[in-house]
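Residues per chain, in single letters:
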Amino acid sequence: MTWGEVAAELNLAAPTVIAMGDNLRRDLPGAAEAYDVVVVDCPGRAGGKRTAGALLVADAVLLPCAPATPDIWALSGSIDAVQEAQAIRPDLRGAIVLNRVDRTAMTKKTRDALSQAGLPVLKASLGARVAFNKTLAAGEGITTYEGGSTAANELRRLVDEVEDLLEMEAVDVA
């Protein structure tokens, strides 16, 4: 929400940001009709009615995980929630996205450990890049703020892989 407010204050083009409450399952389908792609950012650890509602209306769920033992442990509840939703909605796609990765052995160990977690781990990942934090403060997305950067290219690869997961036409992230 704050990112959207910063963009509006600076008169920058940005995606529409809408806050949803606990009635997300009821309210989101109507609000989503005007858009080709809707991204719902829910709290971690499979938290509450909003997350449960999002799982009932989403086409796909991406679970971010940093290469750190506590993050891997915390992910198990979210994986369980996705798998429970998939039992109700077999067409719901779910995947894990490695986030804040670096070139340490821990990143490879995390990828290996998560490959046994019950959801696919996407090949694309996002690095621990300062640029991602700078873009939020500037009210921009990474592809407009630093379009040729490593961070922007990582995001493009992630979007491409998500499009493949959803079997959808390409979406412009610029």
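Quick look at the structure, then. These figures come from a predicted structure and were not determined experimentally.

### Some words on the pattern of salt bridges
- This model, assessed by the stated rule, comprises 4 salt bridges.
- In this structure, Arg 100 engages Asp 71 in a salt bridge whose closest nitrogen and oxygen atoms are separated by 3.4 Å. Of the two residues, Arg 100 sits in strand β2 (residues 93-101) while Asp 71 sits in helix α4 (residues 69-88), which places them 29 residues apart along the sequence.
- The class for Arg 100 is partly exposed, based on a relative accessible area of 49%.
- Of the charged contacts in the structure, one is a salt bridge between Arg 129 and Glu 154, with a shortest N-O distance of 2.6 Å. Here Glu 154 lies in helix α8 (residues 150-166) and Arg 129 lies in the loop between β3 (126-127) and α6 (130-138), a separation of 25 residues in the sequence.
- Residue class for Arg 129 comes out partly exposed when judged on its relative accessible area of 33%.
- Its relative accessible area of 7% is what places Glu 154 among the buried residues.

### A short note on α4
- Taking 1.5 Å of rise per residue, 20 residues should cover 28 Å, and α4 covers 30 Å from first to last C-alpha, within 8% of that figure.
- Residues of α4 that are buried: Leu 75, Ser 78, Ile 79, Ala 81, Val 82 and Ala 85.
- Residues of α4 that are buried in the fold lie against α3 (48-57), β1 (60-65), β2 and α5 (105-114).

Rules of the game
- Residues numbered from 1 in each chain as written.
- Predicted model: local features only at pLDDT ≥ 70, side-chain atom pairs only at ≥ 80, totals over all residues.
- Heavy atoms only, no water.
- Salt bridge = Lys/Arg side-chain N within 4 Å of Asp/Glu carboxyl O.
- Helix = DSSP H or I, 4+ residues; strand = E, 2+ residues; numbered from the N terminus.
- Buried < 20%, exposed > 50% of the residue type's maximum accessible area, 1.4 Å probe, protein only.
- Expected span 1.5 Å × (residues − 1).
- Contact = heavy atoms within 4.5 Å.

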